[in-house]
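Below are the chains, spelled out letter by letter.
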Amino acid sequence: MTVRVVLLGPPGVGKGTQGRRLASEHGWGLISTGEVLREAVARRTPLGIEAQRLMDAGQLVGDDVMIGLVRERSSQSEAAAGFVLDGFPRTVPQADALDVMLGERGQTLDAAVSLAAPKDELVRRMSARRECPVCKRAYNLFSAAPRDGRHCDDHPAAELCQRADDVPETVMRRLEIYERQTAPLLEYYRSRGRLHEVAGLGTMDAVYGALIRALGV
Ligand code: AMP
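Just so you know, the residues in each chain are numbered from 1, in the order the chain's sequence is written. Where totals are concerned, whole chains, interfaces and linings use all residues; where local detail is concerned, this predicted model gives features only for residues with pLDDT of at least 70, and gives and counts side-chain atom pairs only at 80 or more. In computing side-chain properties, one takes all heavy atoms of the structure into account and sets aside hydrogens as well as water.

Caption draft 1: Geometry of the site of the ligand. Throughout, near means a residue has at least one heavy atom within 4 Å of the molecule or strand. Close to the ligand lie 16 residues; Thr33, Arg38, Gln59, Gly87 and Gln94 are nearest. Distance and chemistry together define a polar contact, namely a pair of N or O atoms within 3.5 Å, with one atom able to donate a hydrogen and the other to accept it when in protein, and with adjacent residues in sequence counting only for side-chain atoms on both sides. Arg38 is positioned with one of its side-chain polar atoms (N or O) 2.9 Å from an oxygen atom of the ligand. To measure how exposed things are, a 1.4 Å probe is used in the Shrake-Rupley method; for residues, cover is taken only from the protein chains shown. Relative to its free-state accessible area of 480 Å², the ligand is covered by the protein chains to the extent of 96%. The leading source of residues in the shell around the ligand is helix H2 (residues 33–43), at four residues. By residue class, the composition of the shell around the ligand is six nonpolar, five polar and five charged. Each helix is a run of H or I in the DSSP string that is no shorter than four residues. Each strand is a run of E no shorter than two, and both are numbered from the N terminus. Put simply, Ala, Val, Leu, Ile, Met, Phe, Trp, Tyr, Cys and Pro go in the nonpolar bin, Asp, Glu, Lys and Arg in the charged bin, and everything else, Gly too, in the polar bin.

Set out below in structure tokens:
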């Protein structure tokens with residue numbers, strides 16, 4: 001089944017973790033725009049150099065840049081059997097551009113799934129979030145710690161890292177920007193009959209179960 005889905009929700013709600021599993025279990029491409037940008041920052045590409053200042057400040061990268069990036073990734077062969085978009089769209093112009101881009105290819109967006117959790121839980125999760133620099137597997141120092149507390153279970157030489165934008169001040173800024181610029185997308189997709197709302201609280205497995213039931217996959 002070819003399914004194209006967007007994951008919506010505030011930073012820290014679990015879009016990355018759930019999106020990764022959803023894509024890998026169904027053979028769909030995963031397009032995580034934050035991940036693509038972080039790789040570009042690490043490699044010091046022109047995109048990375050341009051994006052880093054905004055990301056470190058918790059602000060959004062420009063719509064044109066992001067739309068171009070998703071246009072390219074979503075047309076690659078990995079996305080042919082379907083895709084999960086994690087972190088895009090984040091603004092109404094991005095959502096409009098996604099519709100146009102899919103329409104031009106004779107494709108449609110099947111669903112927008114929103115994950116939700118209370119703000120204090122999001123702040124707590126982001127402060128404890130760590131990732132493997134090699135495989136990008138996500139950990140949480142409280143709820144999903146690595147076996148030895150410091151290194152990736154699958155890459156024992158790799159010490160887990162904290163994202164530069166997961167520091168407290170930037171976390172608050174990102175939550176504000178989410179409310180202002182991205183939360184209106186819930187109504188955008190609701191009014192088009194494409195929104196599925198899923199609680200982002202509970203174990204990772206419980207959230208995943210609710211997600212696949214909502215999608216009917
Ligand atoms: P994320 O990993 O989704 O939390 O994204 C990390 C950061 O990358 C965000 O705070 C933004 O600075 C930037 N970013 C990711 N996706 C987008 C997008 N669709 N539009 C604008 N900026 C984005």
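Caption draft 2: The arrangement of the pairing of strand E4 (residues 111–116) in detail. Burial here depends on accessible area, computed with a 1.4 Å probe over protein chains only, as a share of the maximum for the residue type. Under 20% is buried, over 50% is exposed, and the range in between is partly exposed. Counting buried residues along E4, five of its six residues qualify, which places the element largely inside the surrounding structure. For two strands to pair, DSSP has to find at least two bridges joining them. In this structure, strand E1 (residues 3–8) lies alongside E4, joined through four bridges in parallel fashion. Of the residues in E4, the one forming a bridge with Leu8 is Ser114. Where E4 meets strand E7 (residues 195–199), five bridges bridge the pair, whose relative direction is parallel. By the bridge assignment, Ala112 is partnered in E7 with Leu195.

Caption draft 3: Quick look at the sheet that holds strand E2 (residues 29–32). The five strands lie next to each other as E2-E3-E1-E4-E7, forming an open sheet whose pairing is parallel. Strands at the two margins of the open sheet, each flanked by one partner only, are E2 and E7. The average undirected angle you get between the axes of adjacent strands in this sheet is 20°. Packed on one face of the sheet, H2 meets E2 and strand E3 (82–86) and runs near 65° to E2. Where helices are involved, their axes are fitted lines through C-alpha atoms of the stretch in contact, as for all axes, and angles between N-to-C directions lie from 0 to 180°. It only takes one pair of heavy atoms within 4.5 Å for two residues to be counted as in contact.

Caption draft 4: Focus on the packing of helix H1 (residues 15–26) against helix H9 (residues 204–215). At their nearest, the axes of H1 and H9 sit 10 Å apart, and the two run at 60° to each other. Comparing their axes, H9 and H1 come out oblique. Along this stretch, H1 crosses H9, giving a crossing that reads as right-handed. Contact residues: Thr17, Gln18, Arg21, Leu22, Glu25 and His26 in H1; Met204, Asp205, Val207, Tyr208, Leu211, Ile212 and Leu215 in H9. Under this scheme an angle from 65 to 115 degrees is roughly perpendicular, one under 35 degrees roughly parallel, and one over 145 degrees roughly antiparallel; angles in between are oblique. Put simply, a crossing is left-handed when the front helix is turned counterclockwise from the back one by less than a right angle, and right-handed when it is turned clockwise.

Caption draft 5: The environment of Gly87, seen in detail. Among the secondary structure elements, Gly87 is positioned in the loop between E3 and helix H5 (92–104). Residue classification places Gly87 among the buried residues on the basis of a relative accessible area of 9%. Not counting residues up to four positions away in its chain, the partners in contact with Gly87 are Leu7, Lys15 and Thr33.

These figures capture arrangement, not role.
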